[in-house]
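Coordinate inspection notes
Listed below, chain by chain, are the residues.
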Amino acid sequence: MGMASSQARLLMLTSRLHDVELKAQQLQNAKIQLATEEDEIYAEYQRALDATTLTMSVYSNNGITLTNIAATFNNAFSIGANTPAKVSSGNEGYILLDRRGRVVVDDDIYEGYNNFQSYHYTGNGMPDNAYLFALFMIGGQIGGEENYYTNDYVFTGVWGRIDDLDEVFREDNSDLCNQAQDVLTGMGIVGVNWTVAKLISRSMEYMNGGTYGENTIPPATPEQREILEKLINTFFVKFQNRIFNDELEEEGYNQSDFSYYMRIYNAIQEHGGCISIDDFEAPGGDAANNSEWLTAMIEGGQMLIEKVTFDKDGKAIFNTVSVASDTNFDFMTASDLDKQALAKAEAKYEHDLKIVNRKDDKIDKELSNLETERNALTKEYDSIKKVASDNIERTFGIFS
């Protein structure tokens, strides 16, 4: 019985020793995996430090301090965007294009543009014109969407202010006014010594044709259209700030909004369409305020930036922007852009590293316990093996 009992105990100790050694091997593999995980944490930290963000230069502290902000659609391209630091006028600005060349706009502008096009093409006789679109949108702001074209205060007030500037405008542009009147007369729109307000109003109303009294007015020829558009553009470029004054601001109008509507309408016409920012998906579901999403889209060539300027005749000019050379946009690392972002990256690195270290310490303790158990099992195994060997020698020695 003694020999059988010793043999059974040896088998149990051997099995347990194998279990301990297997567990120790598994823990050693886990330590290797932790070392790999630590390398990945450091690599992620480096990527956070090296990651670039599309930034835009703006002035803060009442226009005193030049600073860089992480660019989003809302703060760089929407109607409520920050004014870039280095633009020459309120009419100058930037637009965002998707990979199909469509202008990315606020959802309100997307709907407003489609409403404007619908109104125009249902036979109301109003031409496609950036200034009229701006009035169209402002009318909606002040009088509600149902009053886009019927807000008397906006339109009557505008034409009245144009009449007030009639003499001033004619001093430098009498030839242009005469050419416009000749064009309108030639189209069948009869009038004598029209004011500038009347010339502009008739140019807008009949540029695409319509009905004047009993006469059917054909659309203006390209040559006629060029003269009428030059009259409209020249006037508004020069006098829009004097036309849209504080009285309209009290009603909810903002001068910068007018400039934005004008820019964006020209851009949509130039590129053949627009798309709402709400149609794009970004992590967190808000593409309009996501700088990482916008940076990725620009870096990946999925979106382009264009700068809009206007020549002396009010014609919009579009130039593709290279972030590397533009004075207002740049790609910056977190450490250059934002100390808070840098601190956040460092805090995440230290937090993740502490978790790895705690796991490593736990494994070391388990390995130490297993080593202690292994030593005890080995001693017991050796002791029982010796007892069994002595037993065998005594038992079978009598037969030798």
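Counting restarts for each chain: residues are numbered from 1 in the order of the written sequence. Local features in this predicted model are restricted to residues whose pLDDT is 70 or higher, and side-chain atom pairs enter the listing and the counts only when it is 80 or higher, whereas totals over whole chains, interfaces and linings include all residues. Excluded from the side-chain calculation are hydrogens and water; included are all heavy atoms of the structure.

So, the overall build of the protein
- Here a strand is any run of E in DSSP of at least two residues, a helix any run of H or I of at least four, and the numbering for each starts at the N terminus. Counting its regular elements, the protein contains 13 helices and ten strands.
- Within the protein, the proportion of its 400 residues that are buried is 41%.
- Only heavy atoms matter for contacts: two residues are in contact if any of them lie within 4.5 Å across the pair. Counted over contacts in the protein with a minimum sequence separation of 6, partners at least 24 positions apart contribute 68%.
- Carbon together with sulfur atoms contributes 48% to the accessible area of the protein, which is approximately 21900 Å² in total. Throughout, exposure labels follow a simple rule: accessible area from a 1.4 Å probe, protein chains only, divided by the maximum for the residue type, with under 20% read as buried, over 50% as exposed, and the rest as partly exposed. Residue burial considers only the protein chains on display, and all accessible areas are found by Shrake-Rupley using a 1.4 Å probe.

Brief notes about the side chain of Arg202
- One can find Arg202 in helix H7 (residues 196-206).
- If we skip the residues at most four places from it in the chain, Arg202 touches Leu184, Ile189, Trp194, Met207 and Tyr212.

A few points about the environment of Glu292
- Its location among the elements puts Glu292 in helix H11 (residues 291-299).
- What makes Glu292 exposed here is its relative accessible area of 66%.

Brief notes about the confidence of the model for the protein
- Note on scores: pLDDT gives the predictor's confidence for each residue, bounded by 0 and 100. For the protein, mean pLDDT is 77; residues scoring 70 or higher make up 72% of the total.
- Of all helices and strands in the protein, the one with the weakest mean pLDDT is helix H9 (residues 246-250) (55), whereas strand E4 (residues 103-105) scores best (96).
- Considering only residues more than four positions removed or in separate chains, one finds that residues 121-125, a stretch of pLDDT under 50, has six contacts.
- In this model, residues 147-153 is a region of pLDDT below 50 whose contacts with residues beyond four sequence positions or in other chains number 24 contacts.

Structural notes on the environment of Ala180
- Take Ala180: it is sitting in helix H6 (residues 166-187).
- In this structure the C-alpha to C-alpha distance between Ala180 and Glu229, which are 49 residues apart in sequence, comes to 9.3 Å.

Considering the pattern of salt bridges
- We count a salt bridge whenever a side-chain nitrogen from Lys or Arg sits within 4 Å of a carboxyl oxygen from Asp or Glu. Applying the stated rule across the entire model yields four salt bridges.
- A salt bridge links Lys307 to Glu92; its shortest N-O distance comes to 3.3 Å. Of the two residues, Lys307 sits in strand E8 (residues 303-310) while Glu92 sits in the loop between helix H2 (73-76) and strand E3 (93-98), which places them 215 residues apart along the sequence.
- Glu92 gets classed as buried once you look at its relative accessible area, which sits at 12%.
- The shortest N-O distance in the salt bridge between Glu229 and Arg225 comes to 3.1 Å.

A word on the environment of Arg202
- The class of Arg202 is buried, set by a relative accessible area of 17%.
- Considered as a pair, Arg202 and Ala180 are 22 residues apart in the sequence and their alpha carbons are 9.8 Å apart.

Side note on the packing of aromatic side chains
- Paired rings are identified among Phe, Tyr and Trp, the last through its six-membered ring, by centres lying within 6.5 Å, and are further divided according to the angle between planes into stacked (under 30 degrees), edge-to-face (over 60) and tilted (the rest). In the structure shown here, the tally under the stated rule is ten aromatic pairs.
- Each ring, one from Phe116 and one from Tyr265, has its centre 5.6 Å from the other, and the planes form 85°; the classification is edge-to-face. Linking Phe116 in helix H3 (residues 107-124) with Tyr265 in helix H10 (residues 255-271), this pair joins segments that are 149 residues apart in sequence. When sorted by exposure, Phe116 lands in the same class as Tyr265, which is buried.
- Ring centres of Phe169 and Phe235 lie 5.1 Å apart, and the angle between their planes is 70°; on these two criteria the pair is classed as edge-to-face. Taken as a pair, Phe169 in helix H6 and Phe235 in helix H8 (residues 222-243) lie far apart in primary sequence, 66 residues in all.

A closer look at the nonpolar core
- The set of buried Ala, Val, Leu, Ile, Met, Phe, Trp, Tyr and Cys residues whose side-chain atoms join them within 4.5 Å is what this entry labels a nonpolar core. With 55 residues, the main nonpolar core has Val103, Phe133 and Ile200 as its most contacted residues.
- A per-element tally of this core places helix H4 (residues 130-143) first, with nine residues.
- When near neighbours in sequence (up to four residues on either side) are disregarded, Val103 contacts Ile95, Leu96, Leu97, Ile264, Ala267, Ile268, His271, Gly273, Cys274 and Ile275.

Regarding H11
- Taken together, the buried positions of H11 are Ser291, Trp293, Leu294, Thr295, Met297 and Ile298.
- Counted as a polar contact is a pair of N or O atoms within 3.5 Å, where, for protein atoms, one must be capable of donating a hydrogen and the other of accepting one, and residues adjacent in sequence contribute only when both atoms are in side chains. The N-terminus of H11 is capped by Asn290, whose side-chain oxygen sits 3.1 Å from the backbone nitrogen of Glu292.
- Following H11 by one or two positions, Gly301 has its phi on the positive side, about 75°.

Thoughts on the packing of H6 against H7
- Axis definition: a line fit to C-alpha positions, over the contact stretch in the case of helices; interaxial angles, taken between N-to-C directions, run 0 to 180 degrees. In contact at an axis separation of 9 Å, H6 and H7 are set at 40° when each is read in the N-to-C sense. The orientation of H6 relative to H7 falls into the category oblique. At the point where H6 passes H7, the crossing takes the left-handed sense. Touching Asp166, Phe169, Arg170, Cys177, Ala180, Gln181, Leu184 and Met187 of H6 are Val196, Leu199, Arg202, Ser203 and Tyr206, all from H7.
- For this scheme, ten residues count as nonpolar: Ala, Val, Leu, Ile, Met, Phe, Trp, Tyr, Cys and Pro. Four count as charged, namely Asp, Glu, Lys and Arg, and the remainder, Gly too, count as polar. Split into classes, the residues belonging to the contact of H6 with H7 amount to eight nonpolar, two polar and three charged. If an angle is under 35 degrees, it is roughly parallel; if it is over 145, roughly antiparallel; if it lies from 65 to 115, roughly perpendicular; otherwise it is oblique. Two helices cross in a left-handed way if the nearer one is turned anticlockwise from the farther one by less than a right angle. They cross in a right-handed way if the turn is clockwise.

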